[in-house]
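Observations on the three-dimensional arrangement
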Amino acid sequence: QVQLLESGGGLVQPGGSLRPSCAILGSILRVNTMGWYRQAPGKERELVAAIRDGTTNYADSVKGRFTISRDIAKKTVFLQMDSLKPEDTAVYYCNAGQRWPQPYEYWGQGTQVTVSS
């Protein structure tokens, strides 16, 4: 059983930075993929960044600006967000995926990121 807790969102000006984190509560033994998604009002939830076995991938809209990383010892995943734009405004959700004993995805409750001048 896994629980996820996001923190570190907030209000920043365009061009600013934030580094939300995702704390994993419980066992990480069965988790093989971690990711960050975001959802703006009236929009579908979209994948922002993911990491598996040290390999990362990013949405085209955030490449070069966002970096996903993890600290296995601390059971924490980070999303470094630089050069933020107003269109990055959304609720950001942490995601953890497992494939065994059955496929399942865990979700955090989300942290609000607002980019505005």
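Residues numbered from 1 in each chain as written. Predicted model: local features only at pLDDT ≥ 70, side-chain atom pairs only at ≥ 80, totals over all residues. Heavy atoms only, no water.

**Some details on the sheet that holds strand β1 (residues 2-7)**
What the four strands build is an open sheet, ordered β1-β3-β8-β7; its pairing is antiparallel. Single-partner strands in this sheet number two, and they are β1 and β7 (66-71). Taking each pair of neighbouring strands and ignoring which way they run, the sheet shows an average axis angle of 20 degrees. Bridging between β1 and strand β3 (residues 21-26) involves six bridges; their strand directions are antiparallel. The residue of β3 that forms the bridge with Leu4 is Ile24. (Pairing = 2+ DSSP bridges. Helix = DSSP H or I, 4+ residues; strand = E, 2+ residues; numbered from the N terminus. Axes fitted to C-alpha atoms, helices over the stretch in contact; angles between N-to-C directions.)

**Observations concerning the pairing of β7**
Sheet faces and side chains relate simply in a regular strand, where the side chains alternate between the two faces. Two elements, β7 and strand β8 (residues 76-81), share six bridges in a ladder whose sense is antiparallel. Each bridged residue has a counterpart across the sheet, and for Asp71 the counterpart in β8 is Thr76. Taken together, β7 and the strand that follows it, β8, pair antiparallel across an intervening segment of four residues, in which Lys75 is found at a positive phi of about 55 degrees.

**Some points on the state of the cysteines**
This structure, assessed with the given rule, holds one disulfide. Between the sulfur atoms of Cys22 and its disulfide partner Cys94 the distance amounts to 2.1 Å. One disulfide, between Cys22 and Cys94, carries an S-S torsion of -85 degrees and so falls in the left-handed class. A residue pair is termed long-range when its members are at least 10 positions apart, and Cys22 in strand β3 and Cys94 in strand β9 (residues 90-98) qualify at 72 residues. (Disulfide = S-S within 2.5 Å.)

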